[in-house]
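So you can see what is in the structure, the chains are spelled out below.
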Amino acid sequence: MATLSIYVPDQEPFAVDLTGIEQLSVGRGPENDVVLDHTSLSGSHAVIQNNDGVYQVTDLGSTNGTFANGEQVTEITLSEGLQIAFGSVQAVFSEGAEAASEAPAADAGSPADAGGGESFAHGYAPAVADVSNVPVGFKNLSPIEKVEKKDTLGQIAMIVGVVAILAAVAVVALSAMMKAA
């Protein structure tokens, strides 16, 4: 059973069964077969085709690109463990029955044997990180920076401090002007 495990940032991972499907469109737009609500995807981002059990991904000219094992591609044939990125949305292709929600093996994120890990790209097995839904080894290739939450209390304290300094300077300046007069 061919599956594509998809890891959308800040969402639960899920698997799409590709068995028996001739063509599957991926994108943010509602007309796609797999709709992924993430800003790094184009409306019509990519298409996955099944040619007699050989699956192929074709980028449809997306803004943030499609990547296979970290390298930008316009078209690529899927193989076991291939890591794909549709913008910032990560995916792993599997010809086995493992689903996205299943826990990976304990050593799945470590380098493979000294022979280079023939079954996995770059010597690493695809795995779900402990703290994130992004598989181990993926890099954020999106040009859109992640917005960090700001410390509101710290910002208020800083503003109060700046106002206090300005008030102190104003008092010193007013005092100097009164002495001069």
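Only a predicted model underlies this, so the values are computations on that prediction, with no experimental measurement involved.

1. What to know about the side chain of serine 25
Along the chain, serine 25 falls in strand E3 (residues 23-27). A polar side-chain atom of serine 25 sits 3.4 Å from a polar atom in the side chain of asparagine 32. At 2.9 Å, the side chain of serine 25 and the backbone nitrogen of aspartate 33 are in polar contact. Once residues lying within four places of it in the same chain are set aside, the contact partners of serine 25 are Glu31, Asn32, Asp33, Val34, Ala46 and Val47.

2. Here's the deal with the sheet that holds strand E11 (residues 89-94)
Within a beta sheet, neighbouring strands are joined by backbone hydrogen bonds and run either parallel or antiparallel to one another. The strand order across the open sheet built from six strands is E2-E1-E11-E10-E7-E8, with neighbouring strands paired in antiparallel fashion. A single partner strand is all that each edge strand has here, and the edge strands are strand E2 (14-17) and strand E8 (71-73). If you compare each strand with its neighbour and ignore which way they point, the axes differ by 30 degrees on average. Of the strand pairs in this sheet, strand E10 (residues 83-86) and E11 are connected by four bridges, and their pairing is antiparallel. From the neighbouring strand, alanine 85 faces E11, where its bridge partner is glutamine 90.

3. Structural notes on the environment of glycine 81
With respect to the helices, strands and loops of the structure, glycine 81 is situated in the loop between strand E9 (75-77) and E10. Separated by 13 residues in the primary sequence, glycine 81 and serine 94 place their C-alpha atoms 5.7 Å from one another.

4. Remarks on the pairing of strand E5 (residues 46-51)
Relative to E5, E3 runs antiparallel, the two being bridged by four bridges. Across the sheet, residue glutamine 23 finds its bridge partner in E5, namely glutamine 49.

5. Description of a nonpolar patch on the surface
A contiguous nonpolar patch, built from Met158, Val162 and Leu166 and spanning about 320 Å² of accessible area, is present on the exposed surface. As for its position among the elements, leucine 166 is in helix H1 (residues 152-180).

6. Regarding the confidence of the model for the chain
On average, residues of the chain score 79 in pLDDT, and 75% of them reach the 70 mark or higher. Counting contacts from residues 98-131, a segment whose pLDDT is below 50, to residues more than four positions away or on other chains yields 45 contacts.

Analysis parameters
- Residues numbered from 1 in each chain as written.
- Predicted model: local features only at pLDDT ≥ 70, side-chain atom pairs only at ≥ 80, totals over all residues.
- Heavy atoms only, no water.
- Helix = DSSP H or I, 4+ residues; strand = E, 2+ residues; numbered from the N terminus.
- Polar contact = N/O pair within 3.5 Å; in protein donor to acceptor, adjacent residues only side chain to side chain.
- Contact = heavy atoms within 4.5 Å.
- Pairing = 2+ DSSP bridges.
- Axes fitted to C-alpha atoms, helices over the stretch in contact; angles between N-to-C directions.
- Patch = residues over 30% accessible without salt bridge, like charges linked within 9 Å, V, L, I, M, F, W, Y side chains within 5 Å.
- Areas by Shrake-Rupley, 256 points an atom, 1.4 Å probe, with all protein chains shown as cover.
- Salt bridge = Lys/Arg side-chain N within 4 Å of Asp/Glu carboxyl O.
- pLDDT = per-residue confidence, 0-100.

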